[in-house]
There are 2 protein chains.
Amino acid sequence: MVESSVEHFLDILASKEPAPGGGAASALVGAVGAAFLSMVANLTVGKEKYKESEAMIEELLKKVSMFQKELTDLIEEDTNAFNKVSEVLKMPKNTEAEKAKRKEKMQEALKYATQVPVGIMEKTVEVLRLHERALGRTNQSALSDTGVSALCLKTALEGAWLNVKVNLTGITDKDFVKTQEEKAQKLLDEGTMLADKVYKAVLQGL
Amino acid sequence: MVESSVEHFLDILASKEPAPGGGAASALVGAVGAAFLSMVANLTVGKEKYKESEAMIEELLKKVSMFQKELTDLIEEDTNAFNKVSEVLKMPKNTEAEKAKRKEKMQEALKYATQVPVGIMEKTVEVLRLHERALGRTNQSALSDTGVSALCLKTALEGAWLNVKVNLTGITDKDFVKTQEEKAQKLLDEGTMLADKVYKAVLQGL
């Protein structure tokens, strides 16, 4: 899917096919956010003015391009997770045995469809931590790009969280629900705080 | 550029080439938001439960796919606008005449580079108005997708606004600055209000 053209990808999103869904779109927007932090870092490296930060920024670049790749992979993985749920919905439910099998498979599919957007949240928070560390140490002429990156990462985080929330409503394993809910809430709180901090610093600097 | 694969487009964004910049990324995220509203509408049309809204949703679909197309075009247009500024930066400035010519061309280029993100803001607000009108009248099983769409449109709006702001700082024509600033602020206020309203409704419904 990520081999499709941007134009075609948008048309697939717009179609009545429910996949790719909100998790995949969130992963894409997160990947845009990561890519944009890379651009800002790339515009910083080699500049005399930012020589002191050079080693840190080069380290950041390695990490952020890894996260960009992982978020891009999560576009596909979320779509796979979504398709697994759709497959279970097509399973027969005529006998008690079929019903039990279908129920069991649905629980598995929903757990997977929850863990993928939790993974998207983890990656966006990782990128936001790098953002915070780089604050004030990257090329100031790319300040608005830093802001756009933080905005994208926040939307990816909140969008993935909506998908965690919606999938958890169908899961009966209370321990799993509690663990994932707490994990997602922590990521949401930390990531939102970091994104808002970066955005605020950008606004003050413009 | 929008003919590139998603993967390749992300790598172009991440590179040290300053274009595509924040306006283009905002237009892309806005196009994702528009595409996602289309998906939600496509998942509503033809469903017995939403028959009353059918005509309205079909009308919305036509409009939103037009806005998706326009936002996709704005990815390229913002990059063109950015490149025009870069070209002026390369103009000679040895004589007084050259300096004056360069200054004049820079003002033109910056005005264009402001108007493109203002256009991105206009389109995202148009899509958000459609969102508000469709609230509660689209397929409720795609509620989280409605939320992701609103989040993307808000980020596109705020991201484009950062780019308006940064380009306005270099423009000497006070009337132009005042007009565009007021226009952008109005769009930001209306769009933020609409996006927050949709997102809040989604959260309550999940």
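Residues numbered from 1 in each chain as written. Chains lettered and ligands numbered in written order. Predicted model: local features only at pLDDT ≥ 70, side-chain atom pairs only at ≥ 80, totals over all residues. Heavy atoms only, no water.

**Some details on the interface of chain A and chain B**
Much of the literature gives interface size as the accessible area that the parts lose upon coming together.
Part 1 of the reasoning: Facing 50 residues of chain A, the contacting portion of chain B comprises 50 residues.
Part 2 of the reasoning: Among the residues chain A hides against chain B, the three largest losses belong to Val6(A), Leu10(A) and Leu162(A). Together they make up 15% of the total.
Part 3 of the reasoning: At the junction of chain A with chain B, the criterion picks out zero salt bridges.
Part 4 of the reasoning: Contributions of two or more residues to the side of chain A that touches chain B are made by helix H1 (6-14), helix H2 (22-42), helix H3 (54-89), helix H5 (143-168) and helix H6 (174-205) of chain A.
Part 5 of the reasoning: Of all the elements, H5(A) adds the most residues to the side of chain A that touches chain B, at 14 residues.
Part 6 of the reasoning: Looking at the side of chain A that touches chain B residue by residue, the class counts come to 27 nonpolar, 15 polar and eight charged. (Contact = heavy atoms within 4.5 Å. Buried area = accessible area lost by both parts, 1.4 Å probe. Salt bridge = Lys/Arg side-chain N within 4 Å of Asp/Glu carboxyl O. Helix = DSSP H or I, 4+ residues; strand = E, 2+ residues; numbered from the N terminus. Nonpolar A, V, L, I, M, F, W, Y, C, P; charged D, E, K, R; others polar.)

**Some points on the nonpolar core**
Part 1 of the reasoning: Counting 141 residues, the largest nonpolar core has Ile75(A), Met121(A) and Met121(B) as its most contacted members.
Part 2 of the reasoning: Here Met121(B) is in contact with Leu157(B), Ala160(B), Trp161(B), Val164(B), Ala184(B), Leu187(B) and Leu188(B), once residues within four sequence places are set aside. (Core = buried A, V, L, I, M, F, W, Y, C linked by side-chain atoms within 4.5 Å. Buried < 20%, exposed > 50% of the residue type's maximum accessible area, 1.4 Å probe, protein only.)

**Focus on the pattern of salt bridges**
A side chain with one charge can pair with a side chain of the opposite charge if their charged atoms come near.
Part 1 of the reasoning: Counted under the stated rule, the structure contains 22 salt bridges over all chains.
Part 2 of the reasoning: Measuring nitrogen to oxygen at the nearest pair gives 2.9 Å for the salt bridge that ties Lys154(B) to Asp196(B). With a gap of 42 residues between them, Lys154(B) in helix H5 (residues 143-168) and Asp196(B) in helix H6 (residues 174-205) connect regions that are remote in the sequence.
Part 3 of the reasoning: Among the residues examined, Lys154(B) registers a relative accessible area of 22% and is labelled partly exposed.
Part 4 of the reasoning: Through salt bridges that share partners, Glu126(A), Arg129(A) and Glu190(A) make up one connected network.

**Some thoughts on the environment of Leu71(B)**
Residue and element names in this part refer to chain B.
Part 1 of the reasoning: Assignment of secondary structure puts Leu71 in helix H3 (residues 54-89).
Part 2 of the reasoning: Judged by relative accessible area, which is 0%, Leu71 ranks as buried.
Part 3 of the reasoning: Placed 85 residues apart in sequence, Leu71 and Ala156 show a C-alpha to C-alpha distance of 10.0 Å.
Part 4 of the reasoning: Residues in contact with Leu71, not counting those within four places in the same chain, are Ala27, Gly30, Ala31, Ala34, Ile120, Lys123 and Thr124.

**Thoughts on H6(B)**
Since the α-helix turns once every 3.6 residues, residues separated by three or four places project in the same direction.
Part 1 of the reasoning: Taking 1.5 Å of rise per residue, the 32 residues of H6(B) would be expected to cover 46 Å, and the 46 Å separating its terminal C-alpha atoms lies within 8% of that figure.
Part 2 of the reasoning: Its side-chain oxygen 3.2 Å from the backbone nitrogen of Asp175(B), Asp173(B) forms the N-cap of H6(B). (Expected span 1.5 Å × (residues − 1). Polar contact = N/O pair within 3.5 Å; in protein donor to acceptor, adjacent residues only side chain to side chain.)

**Description of the relation of the copies chain A and chain B**
Part 1 of the reasoning: Rotating chain A by 180 degrees and translating it 0.0 Å along the rotation axis places it on chain B, where the RMSD comes to 0.0 Å. Such a combination of rotation and displacement between the chain copies is what one expects of a two-fold axis. Every residue of chain A has its C-alpha some distance from the rotation axis, and the shortest such distance is that of Ser5(A), at 2.0 Å. (Least-squares fit on C-alpha atoms with pLDDT ≥ 70 in both.)

**Considerations on unusual backbone geometry**
Part 1 of the reasoning: At the junction of Ala19(A) and Pro20(A), the peptide bond is cis and its omega measures out at -5 degrees in the coordinates.
Part 2 of the reasoning: One can find Pro20(A) in the loop between H1 and H2.

**Here's the deal with the side chain of Gln107(B)**
Residues and elements named next belong to chain B.
Part 1 of the reasoning: Mapped onto the secondary structure, Gln107 falls in helix H4 (residues 96-134).
Part 2 of the reasoning: Judged by relative accessible area, which is 16%, Gln107 ranks as buried.
Part 3 of the reasoning: Ignoring any residue separated from it by four or fewer positions in sequence, one finds Gln107 in contact with Gly170, Ile171, Thr172 and Asp173.

**A few points about the packing of H2(A) against H3(A)**
The packing of two helices is summarised by the inter-axis angle and the distance between the axes.
Residues and elements named next belong to chain A.
Part 1 of the reasoning: H3 packs onto H2 with a crossing angle of 165 degrees between their chain directions and a minimal axis gap of 8 Å. The angle between the axes of H2 and H3 places the two elements in the roughly antiparallel class. Considering how the two elements wind past one another, H2 and H3 form a crossing that is left-handed. Taking contact as the criterion, the partners of Gly23, Ala24, Ala27, Leu28, Gly30, Ala31, Ala34, Ala35, Leu37, Ser38, Ala41 and Asn42 in H2 are, on H3, Ile57, Leu60, Leu61, Val64, Ser65, Gln68, Leu71, Thr72, Leu74, Ile75, Asp78 and Thr79. (Axes fitted to C-alpha atoms, helices over the stretch in contact; angles between N-to-C directions. Parallel < 35°, antiparallel > 145°, perpendicular 65-115°, else oblique. Left-handed = near helix turned anticlockwise from the far one by under 90°.)

**Overview of empty space enclosed by the protein**
Part 1 of the reasoning: Inspection of the entire model under this criterion finds one cavity of 30 Å³ or more.
Part 2 of the reasoning: Considered as a void within the structure, the largest cavity measures approximately 50 Å³ in volume.
Part 3 of the reasoning: Every residue lining the largest cavity is listed: Val6(A), Phe9(A), Leu10(A), Leu28(A), Val32(A), Val6(B), Phe9(B), Leu10(B) and Leu28(B).
Part 4 of the reasoning: Among the residues making up the lining of the largest cavity, the classes are represented as nine nonpolar, no polar and no charged. (1 Å grid on protein atoms, 1.4 Å probe; cavity = no way out; pocket = protein on both sides within 12 Å on 5 of 7 lines; lining within 4 Å. Points joined across faces, edges and corners; volume = space filled by probe spheres on them.)

**Here's the deal with H2(A)**
Part 1 of the reasoning: Compared with an ideal rise of 1.5 Å per residue, which puts 21 residues at 30 Å, H2(A) spans 30 Å between its outermost C-alpha atoms and is within 8% of the ideal.
Part 2 of the reasoning: With 20 of its 21 residues buried, H2(A) lies for the most part within the structure.

**Overview of the environment of Tyr112(A)**
All names here are of chain A.
Part 1 of the reasoning: Checked against the element boundaries, Tyr112 lands in helix H4 (residues 96-134).
Part 2 of the reasoning: Take Tyr112: its relative accessible area is 23%, and that puts it in the partly exposed class.
Part 3 of the reasoning: Residues Tyr112 and Asn167, spaced 55 residues apart in sequence, show a C-alpha to C-alpha distance of 9.3 Å.
Part 4 of the reasoning: Aside from chain neighbours lying at most four places away, what touches Tyr112 is Glu77, Ala81 and Lys84.

No statement about biological role is implied by the geometric values presented.
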